[in-house]
Amino acid sequence: MAAEPGPAPDRAADTTAARPADTPATTTGVPADGTGAGAGTSAGAGAGTGTGETVAETPAAPPVPRGFAGWRGRRPFWGGLLVVLAGAEILFTEKAPMRMVIRIGMLGLAGYIVPALMVLCGLLLIFHPVQRVFYSVLAALATLGTWVTSNLGGFFIGLLLGLIGSSLAFGWLPDQPRRRRVLRREAKREATPA
């Protein structure tokens, strides 16, 4: 009788293939898939210890910014802020006490709905960055819609702010490596005595 083959290896649990080459596979000797087997240990590790420690020391991770800077770094903050400012500026031009106010749409209703949608998309970009692609595309379309509904896009100012902000939010990616300028600033701060 033939032996039953074992279960197929779980490729989703093995994250070592998706990790960049300069990042170590393990930090404490426990494999990335969490099995706890000795597969992640090096050949030079002590066989009698049973702790599974790796021989090579891993470099310390750069410090993660805390507070507002850390919160801002985990979301497309500047793009969302520009979209909010663009929507607010366009809404302001709807109520501006000017003689030259252009309104196109159903009794000016679209002139209020489209910029309000821009403000909502900007706030969602800031506070719910998981769906940033959808919100940024929707903000770009709403921004282009203000050209015909809301005083030529808030007299071009809101139109430009909205397009720049939605483009920044669309291009933002999470978990980017730290920029050289930030790393130099942190190294300089650590080098100077307090």
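Reading the values: rules and limits
Residues numbered from 1 in each chain as written. Predicted model: local features only at pLDDT ≥ 70, side-chain atom pairs only at ≥ 80, totals over all residues. Heavy atoms only, no water. Helix = DSSP H or I, 4+ residues; strand = E, 2+ residues; numbered from the N terminus. Buried < 20%, exposed > 50% of the residue type's maximum accessible area, 1.4 Å probe, protein only. Areas by Shrake-Rupley, 256 points an atom, 1.4 Å probe, with all protein chains shown as cover. Polar contact = N/O pair within 3.5 Å; in protein donor to acceptor, adjacent residues only side chain to side chain. Contact = heavy atoms within 4.5 Å. Patch = residues over 30% accessible without salt bridge, like charges linked within 9 Å, V, L, I, M, F, W, Y side chains within 5 Å. Salt bridge = Lys/Arg side-chain N within 4 Å of Asp/Glu carboxyl O. Core = buried A, V, L, I, M, F, W, Y, C linked by side-chain atoms within 4.5 Å. Phe/Tyr/Trp six-rings, centres within 6.5 Å; stacked < 30°, edge-to-face > 60°.

Draft legend 1. Layout of the overall build of the chain. When its secondary structure is counted, the chain shows 7 helices and 0 strands. Reading the helices (α) and strands (β) of the chain from amino to carboxyl end gives α-α-α-α-α-α-α. Counting across all 194 residues of the chain, residues that qualify as buried make up 27%. By element, 66% of the accessible surface of the chain is carried by carbon and sulfur atoms, the whole surface being about 13600 Å².

Draft legend 2. Looking closely at the side chain of Glu89. One can find Glu89 in helix α2 (residues 77–94). Separated by 3.0 Å, the side chain of Glu89 and the backbone nitrogen of Gly158 make a polar contact. Sequence-distant contacts of Glu89, defined by excluding residues within four places in its chain, comprise Gly153, Gly154, Ile157 and Gly158.

Draft legend 3. View of a nonpolar patch on the surface. Residues Val133, Val137, Leu141, Leu144 and Phe170 make up a contiguous nonpolar surface patch of about 460 Å² in total accessible area. The element best represented in the nonpolar patch is helix α4 (residues 132–149), accounting for 4 residues. Take Val137: it is sitting in helix α4.

Draft legend 4. Spatial organisation of the nonpolar core. Core analysis: the largest hydrophobic core is formed by 11 residues, namely Val83, Ala86, Ile90, Val114, Met118, Cys121, Leu125, Tyr135, Ala139, Ala142 and Ala169. For this core, the elements supplying multiple residues, two or more each, are α2, α3 (110–127) and α4. When residues of this core are assigned to their parent elements, the largest contribution, 4 residues, is made by α3. Those residues in contact with Ala169 that lie beyond four places of it in its chain are Pro76, Gly79, Leu125, Arg132 and Ser136.

Draft legend 5. Just the packing of aromatic side chains, in detail. Under the definition given, this model contains 7 aromatic pairs. Each ring, one from Phe68 and one from Phe77, has its centre 5.6 Å from the other, and the planes form 90°; the classification is edge-to-face. For Phe77, a relative accessible area of 12% gives the class buried. An aromatic cluster of at least three residues, connected via ring pairs, comprises Phe68, Trp71, Phe77, Trp78 and Phe127.

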